[in-house]
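Commentary on secondary and tertiary structure
Listed below, chain by chain, are the residues.
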Amino acid sequence: MSYDIRLCDPVTHEAIEVESPHLMQGGTYALGGTSELWLNVTYNYGRHYRRVMGEEGIRTIYGMTGAESIPIIEAAAARLGDEVSDDYWDATEGNAKRPLLQLAAMARMRPDGVWDGD
């Protein structure tokens, strides 16, 4: 199971596409990158997100604009440790931090976008 998190156009509600493909990847990813501001994140990290973001965890940002979410995402990432594992599915704090930093990068690319997911 996983979260499919998208930064959407505030009018069309479709995932925003950028000109150049990005290589940010999570549990699934597009070989060669994708131009959609989308990230798949394993539920394995959910306990870390609930601890640093509250009861809703990563879903806290759903409905927020990219601009509104940046301080929340960055504060959550700052509360997580840096221990990483080569195994993406291993629920270390560092592994959980990486997707947060990627989501913050997407939010900076399109601060007007609105987060949606699952």
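Overview of the structure. Position labels on residues start from 1 in each chain and follow its written sequence. Selection of residues for local features in this predicted model requires a pLDDT of at least 70, selection of side-chain atom pairs for listing and counting requires 80 or more, and totals for whole chains, interfaces and linings are taken over all residues. Water and hydrogen atoms play no part in the side-chain values, which are based on all heavy atoms of the structure.

1. Quick look at helix α1 (residues 46-53)
Each α-helix winds once per 3.6 residues, and so residues spaced three or four apart point in a common direction. To be explicit about the condition: Partly exposed residues are those whose accessible area sits between 20% and 50% of the maximum for their type, while under 20% is buried and over 50% is exposed, using a 1.4 Å probe and protein chains only. A helix here means a DSSP run of H or I that spans at least four residues, while a strand means a run of E at least two residues long, and both kinds are numbered starting from the N terminus. This arc is taken over the directions from the axis of the helix to the C-beta atoms. Every residue pair with non-hydrogen atoms within 4.5 Å of one another is taken to be in contact.
Burial in α1 covers these residues: Gly46, His48, Tyr49, Val52 and Met53. What you see down the axis of α1 is that its buried residues fit within an arc of 160°, all on one side. Those residues of α1 hidden inside the fold are in contact with β1 (2-8), β4 (38-42), α2 (66-78) and α3 (93-109).

2. Focus on the packing of α1 against α3
What counts, and what does not: Every axis in this analysis is a line fitted to C-alpha atoms, fitted for helices over the stretch in contact. Angles between the N-to-C directions lie between 0 and 180 degrees. Oblique is the label for every angle not falling under 35 degrees (roughly parallel), over 145 degrees (roughly antiparallel), or within 65 to 115 degrees (roughly perpendicular). Any residue that is not Ala, Val, Leu, Ile, Met, Phe, Trp, Tyr, Cys, Pro, Asp, Glu, Lys or Arg is counted as polar, Gly included; the first ten are nonpolar and the last four charged.
Axis separation between α1 and α3 bottoms out at 9 Å; the angle between their running directions is 70°. It follows from the interaxial angle that α1 and α3 lie roughly perpendicular. In contact with His48, Tyr49, Arg51 and Met53 of α1, α3 contributes Glu93, Ala96, Pro99 and Leu100. Among the residues making up the contact of α1 with α3, the classes are represented as 5 nonpolar, 1 polar and 2 charged.

3. Thoughts on the pattern of salt bridges
Let me state the cut-off plainly: Take a side-chain nitrogen of Lys or Arg and a carboxyl oxygen of Asp or Glu: if they are within 4 Å of each other, that pair is a salt bridge.
Scanning the model with the defined rule gives 6 salt bridges in all. We note a salt bridge from arginine 6 to aspartate 116, for which the minimum N-O separation is 3.2 Å. On the criterion of sequence distance, the pair formed by arginine 6 in strand β1 and aspartate 116 in strand β5 (residues 114-117) is long-range, its members being 110 residues apart. On the basis of relative accessibility, which here comes to 34%, the residue aspartate 116 falls in the partly exposed class. Here aspartate 118 ties to arginine 59 by a salt bridge, and the two come within 2.7 Å at their closest N and O atoms.

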